[in-house]
Amino acid sequence: MAAGAVAVLLWWLSCCGLAVWRYSINGSDYSILSTRSSIQLEFEGTSFSSWSIPESCKVQNPNSPTTLLHCATPGVHTIKPNVGGQTQEEERHLIVGESHVCFLWYFKVLENFEDLTQTVTIWVYDPEISSSEELKWTAEKPSLNSKILTNLLNTLGQHPHVHTTAKRITYDPNPLSLEGTWNVTLPMSSDDVVKEIRGTEVAFQDCFISNRPFLLTFPLLILSSGPADLPVTVPAGSPLMRASGVCVYTFSVLVTEDETFQTNDSFLTWTRIRVPPGILSETDRHNVSDVTILKGAIVFIINGGIYVKTEGSFRRLDKKDGAPESGVVGVTRRTWCKVRYLFKFEKKRSRMAIWTKSEIYLGYPKFKYEKILDISELKDVLKFGSTDEVEIHYLAYTWHPLELAALVSYCSPCTTTKKMFLLLYNEDAPKWVLQDFQLEVPVDRTLKAYFLYSALPDLIVWDDRSIYYFYQNYSIHGILTAESGESDLSKLSGGSKIHNIISDHKGDILVKMENNIMFFFKSDISHAIKLHAWMNTTIKTAFYQNQLTKPYLLCYSDQNGLQHQDYPLYQELQSVFYKTPEQCPYVAFQHNIFSQVYFMDKGTTLTFWTQLVYLENTGLSIVVEHYGPNILTWTQEVSYEIASGFSTKSMLTTFFQQTNYELVDNYFQLQQKNMGLVLVQFRPTESSKMCPVSKQALEIAVGCDIDKYIEVKGFSNTECYRRDFSYVIDKEYLRDKPLENKKVRYDVEKYGCPQRLEFDMPFQPVIQLFNEHGFVRIIQANFIVWEIHGRDDYTFNNTMKQSGCINEAQTFKSMIEQNKDLPLDQVWGPHNYRTCFSYTIGKPGDLNQPYEIINYTNRNHLVWPMDHSGMYVFRVRILDPNFSFCNLTAIFAIETFGVIPRPSFYLVAALIFVLMLTFISVLVLSYFWYAKIYRKFIFEPLHKPPSKRKKN
């Protein structure tokens, strides 16, 4: 046993007030606990005698409080320590499997900031023969045994890959390196953080490798402290205070009586968080009342003030930040990860909420706050009198990504009891709505609230002693009871108070008391069970979830610091349930829901498959419940199968919308009415705390997905043949017929690479649809194009008559005349599109006009002028009103060539004038020349008669 582990054990023994014992295995994945596993037994107490184990198991030293156990036979093995005197220690029923999954994936991450990627280095290790660094998760390279094992599996065909859960993208590795590792490069991501290492089904010595889920996001900043900085702590004697990241559970903070610690790897490593001197008094430094952790910041509530610790700064928020300067009671942030939904919209969303007894504030990025409620408004909402005592008791975000709940107390007069009310606030519909919720508690009770994983609001509220549950939109409510019927958990825990409550997506809820006594129950269940004692009652601990979303305990003392202790919840539950007659009413509940949020656009459907397997004649079924606006319709197809005493019920549920947006006058209002977020959940009609999963919930966001966009096929923004340039458009080619030519600067980054076409080549744009995963399909809906700089010297090869129009179709000319006050890009779109193929719409007209609407199949092309070339920058818009909630547009450019430019009119006129002048001049000159010649012959005979000679 390592020296550190021995020291921890001695510490536990020295402060022991109650004997406890526990077990552990090499590695943190208890799912591989099998007949080949070495099980470490540890007893904490002073009266240990020996270990009582079954005959099928062997123990290394039965008389040692710390020893190793091997069980050669699979099954349930009852183990307990024998102690002196009449005391009987509790026994555990340990399940040892015979699974052939016994190897694990090890990984480490290298951040590449130059290209915003992360390199995941992977290898295989056997926890039974691995190095201590690998077991502690501090190894930088494989041990010799792991290197040999990895090479052997690679020879047998092992090929791991990293699969993302949200976007379902697979990343393949490079070939195995000489060091015995695979390297996988992934882009840094903030909305696809849950990943899993998977391998091919290759076995070595009948052993397979267990899949490894893990969290990987943008690098998380661990804050630093200066050498002169001082610690901030909780008041002396207080329990540990914890806070965790919403989407990355490994990113956490712990506040103790001595220090504040921050980690990004589930406290395998950590750093101390301290603050500069001079800002807080000595008393205030030891008076942290609440804390939350954000990316790059930690928010403390200290003596009623809000303090923010960031890298290199620590300051108190005040009025210039919109925050209250004093009286702050607490701070809260979303409990469930909603980053994928929140990232899809550009609206401002809160990061946290703070409250005083009379005011509520939402906190936004850059630590700007906005008050959304004060006590006077609250009394108006609840219709209370001005003298009634109304206080804001607690705030909690619900499972809905945009809802915040306020727990409000009321009493008049405040003597023995007070009533609690619940109000909900939606950030998209900023108003408070009173819920059908009432609770009456003693006036001195302080309550906290937590919304469970559920589409319908499932809420638990607790004070120091008891837990109140409100299930299925508060319709089922009561006080949680233990097996004995006792509702006061403090009585069952030696007078201790409730400390931590954590829950997961499976509906499991763990309750830890301050003295480390633990209880377990599930959502929709009204009674809890007490778990085996795992830690000494005098040790200060806090519950967290690790990167596998499994619980672990963090122990702290000023002598030994922080100690990480994995907690095998599943094995502990099976041990407690072993002799319980209660069983899960169904055998299996399966589905194909792989994402938390789904986006639905116009004309799309979502189909989910769910299946329930149960004993014959049990009579179970699957219930579909929804929460939110009534904007979806769904149908169900149910099939049954009975075999071998089991019934299998399969159900296909299809969600869709039936609204037709064509020919409506209130297009935008109708769109807004049919957009929103609907929460849906599937659950069996009966469940119990023995069931592994109680329900499956999801979000359906109906509206525009900002990651959806269109492009024109064949165009790109790279590999252009030239850079930015300028050109001039002749004024006679412009739609508005201005007085001067228009000079345009062509921005390649904005408009993309232009495509060169000969003047006699018509062009039909082909529109492609893309989303965050890449190409989706070619769009066959109607669309329009227009030249964004105002050119109109192009036309279309199809006429309205050739396209089959019955009445005159819409054109940009007609739409501009109808919308003279609007810019060109707003005059025509899906909101005012009217078809020309109906007798009842439009009016007869000239059907020989060009038809300006294009789709993939109508063979309508853009046609270029024959007498000049030009540069055309077009914008394309989807015209079909039933295609998408998004305003889908794209830009493409065409440059025509091959035509001699038409000369100027004045140049042609001048040339003709010169030619005519020359011709006339030649004619005139010719006339006088020939006149001269003919005149000579007229007056002088052509042949002179011979003259008579004069005789002498």
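Residues numbered from 1 in each chain as written. Predicted model: local features only at pLDDT ≥ 70, side-chain atom pairs only at ≥ 80, totals over all residues. Heavy atoms only, no water.

**Remarks on the overall build of the protein**
- Along the protein, the regular secondary structure elements total eleven helices and 64 strands.
- Along the first, second and third principal axes, the C-alpha set of the protein runs to 195 × 75 × 75 Å.
- Burial status across the protein gives 51% buried among its 952 residues.
- Sequence separation of at least 24 residues holds for 62% of the intrachain contacts in the protein that already meet a minimum separation of 6.
- Here the protein has roughly 45800 Å² of accessible surface; of this, 52% comes from carbon and sulfur atoms.
- If you average the places of the 91 positive and of the 100 negative side-chain charges in the protein, the two averages end up 12 Å apart. (Helix = DSSP H or I, 4+ residues; strand = E, 2+ residues; numbered from the N terminus. Buried < 20%, exposed > 50% of the residue type's maximum accessible area, 1.4 Å probe, protein only. Contact = heavy atoms within 4.5 Å. Areas by Shrake-Rupley, 256 points an atom, 1.4 Å probe, with all protein chains shown as cover. Lys, Arg positive; Asp, Glu negative; His and termini not counted. Charge placed at Lys NZ, Arg CZ, Asp CG, Glu CD.)

**Description of the nonpolar core**
- By size, the foremost hydrophobic cluster in this structure holds 94 residues, and its most contacted members are Ile39, Leu531, Phe608, Phe655, Phe682 and Ile700.
- Ranked by residue count, the leading element in this core is strand S8 (residues 101-112), at six residues.
- Grouped together as the second largest cluster of nonpolar side chains are 73 residues, Tyr364, Leu407, Tyr474 and Ile498 included. (Core = buried A, V, L, I, M, F, W, Y, C linked by side-chain atoms within 4.5 Å.)

**A short note on a nonpolar patch on the surface**
- A cluster of nonpolar residues, Val908, Ile912, Met916, Phe919, Ile920, Leu923, Val924, Tyr927 and Phe928, forms a patch on the protein surface that exposes about 900 Å² of accessible area.
- Take phenylalanine 928: it is sitting in helix H11 (residues 905-939). (Patch = residues over 30% accessible without salt bridge, like charges linked within 9 Å, V, L, I, M, F, W, Y side chains within 5 Å. Salt bridge = Lys/Arg side-chain N within 4 Å of Asp/Glu carboxyl O.)

**Things to note about the pairing of strand S60 (residues 783-787)**
- Of all the five residues making up S60, five are buried; the element is thus mostly covered by neighbouring parts of the structure.
- The two faces of S60 match: Phe783, Val785 and Glu787 on one face and Ile784 and Trp786 on the other face are all buried.

**Details of the sheet that holds strand S58 (residues 767-771)**
- One open sheet holds the three strands; their spatial order is S54-S58-S59, and the pairing between them is antiparallel. Where the open sheet ends on each side, the last strands, each with one partner, are strand S54 (709-712) and strand S59 (774-778). Averaged over all pairs of adjacent strands, the angle between their axes in this sheet comes to 35 degrees, without regard to strand direction.
- Two elements, S58 and S59, share four bridges in a ladder whose sense is antiparallel. When the sheet's bridge partners are listed, glutamine 768 is paired in S59 with isoleucine 778. (Pairing = 2+ DSSP bridges. Axes fitted to C-alpha atoms, helices over the stretch in contact; angles between N-to-C directions.)

**Details of helix H3 (residues 144-155)**
- With twelve residues, H3 should reach 16 Å at 1.5 Å per residue; the first-to-last C-alpha distance of 17 Å fits that figure.
- Along H3, the positions that sit buried rather than exposed are Ser146, Leu149, Thr150 and Leu153. Around the axis of H3, the buried residues are gathered within 100 degrees of arc, so they sit on the same side. Of the exposed residues in H3, those oriented more than 90 degrees away from the buried face are Leu144 and Thr155. (Expected span 1.5 Å × (residues − 1). Arc of directions from axis to C-beta.)

**Observations concerning the state of the cysteines**
- Under the counting rule described, the total for this entry stands at seven disulfides.
- Paired through a disulfide, cysteine 57 and cysteine 71 show a sulfur-sulfur distance of 2.0 Å. Its S-S torsion of about 105 degrees marks the bond between cysteine 57 and cysteine 71 as right-handed, since a negative value means left-handed. Here cysteine 57, found in strand S4 (residues 57-59), pairs with cysteine 71, found in strand S5 (residues 66-71); they are 14 residues apart in sequence, far enough to count as distant.
- Relative accessible area serves as the criterion here: at 5%, cysteine 57 is assigned to the buried category.
- Between the sulfur atoms of cysteine 247 and its disulfide partner cysteine 337 the distance amounts to 1.9 Å. Disulfide cysteine 247-cysteine 337: torsion about the S-S bond near 90 degrees, hence right-handed. (Disulfide = S-S within 2.5 Å.)

**Here's the deal with the sheet that holds strand S11 (residues 170-171)**
- Pairing is antiparallel in the open sheet, where four strands are placed in the order S11-S10-S13-S15. Looking at which strands have only one partner, the edges of the open sheet turn out to be S11 and strand S15 (212-215).
- As defined by bridge partners, strand S10 (residues 161-164) adjoins S11 across two bridges and the pair is classed as antiparallel. Residue histidine 163 lies in a different strand from S11, and its bridge partner there is threonine 170.

**Some words on the environment of glutamate 483**
- Structurally, glutamate 483 can be placed in the loop between strand S38 (476-479) and strand S39 (498-503).
- Owing to a relative accessible area of 58%, glutamate 483 belongs among the exposed residues under this scheme.
- With 161 residues separating them in the primary sequence, glutamate 483 and glycine 322 have C-alpha atoms 49 Å apart.
- In this structure, glutamate 483 is in contact with Ala528 and Ile529, ignoring residues within four places of it in sequence.

**Quick notes on unusual backbone geometry**
- Cis peptide bonds are those with omega within 30 degrees of zero, and the linkage from serine 412 to proline 413 qualifies with -5 degrees.
- For proline 413, the location among the structural elements is in the loop between strand S31 (403-411) and strand S32 (417-426).
- Residues other than glycine seldom take positive phi values, yet arginine 168 does so here, at roughly 55 degrees.
- Checked against the element boundaries, arginine 168 lands in the loop between S10 and S11.
- Its identity as a non-glycine residue notwithstanding, lysine 737 has a phi of 50 degrees, on the positive side.

**Let's talk about the environment of arginine 349**
- Secondary-structure assignment places arginine 349 in the loop between helix H5 (339-343) and strand S27 (352-355).
- A relative accessible area of 10% means that arginine 349 is categorised as buried.
- Counting along the chain gives 14 residues from arginine 349 to glycine 363, while the straight-line C-alpha distance between them is 8.7 Å.
- What arginine 349 contacts, discounting residues up to four positions off in sequence, is Leu342, Tyr364, Pro365, Leu402, Glu427 and Asp428.
- Of the polar contacts made by the side chain of arginine 349, one reaches the side chain of aspartate 428; its length is 2.6 Å. (Polar contact = N/O pair within 3.5 Å; in protein donor to acceptor, adjacent residues only side chain to side chain.)

**Some words on the pairing of strand S30 (residues 389-397)**
- Here S30 lies mainly inside the structure; seven of its nine residues are buried.
- Across eight bridges, S30 lies against S31 in antiparallel orientation. Paired with isoleucine 392 across the two strands is valine 408, which belongs to S31.

**Focus on the pattern of salt bridges**
- In total, this model carries 38 salt bridges according to the counting rule given.
- In this structure, lysine 371 engages aspartate 374 in a salt bridge whose closest nitrogen and oxygen atoms are separated by 4.0 Å.
- Judged by its relative accessible area of 16%, aspartate 374 falls in the buried class.
- The shortest N-O distance in the salt bridge between lysine 737 and aspartate 792 comes to 3.7 Å. You can see lysine 737 sitting in the loop between strand S55 (725-729) and strand S56 (742-746) and its partner aspartate 792 sitting in the loop between S60 and strand S61 (795-796), a full 55 residues away along the chain.
- Given a relative accessible area of 47%, lysine 737 falls into the partly exposed group.
- One salt-bridge network, held together by shared partners, links Lys167, Asp191, Arg340, Lys344, Asp705, Asp707 and Glu772.

**Examining the side chain of glutamate 134**
- Turning to its location among the elements, glutamate 134 is positioned in helix H2 (residues 132-136).
- For the buried glutamate 134, no salt bridge is present, and the opposite-charge side chain at shortest range is lysine 141, 11 Å distant.
- Every residue in contact with glutamate 134, bar those within four places of it in the chain, is listed here: Tyr106, Trp123, Tyr125, Ala139, Pro142, Ser143 and Ser146.

**Quick notes on the side chain of asparagine 855**
- On the secondary structure map, asparagine 855 appears in the loop between helix H10 (812-818) and strand S62 (862-863).
- Overall, asparagine 855 belongs to the buried group, its relative accessible area being 13%.
- Side-chain polar atoms of asparagine 855 contact the backbone nitrogen of asparagine 858, separated by 2.8 Å.
- If sequence neighbours within four positions are ignored, asparagine 855 has contacts with Gln764, Gln780, Ala781, Asn782 and Phe783.

Such coordinate-based values are descriptive only and should not be taken to indicate function.
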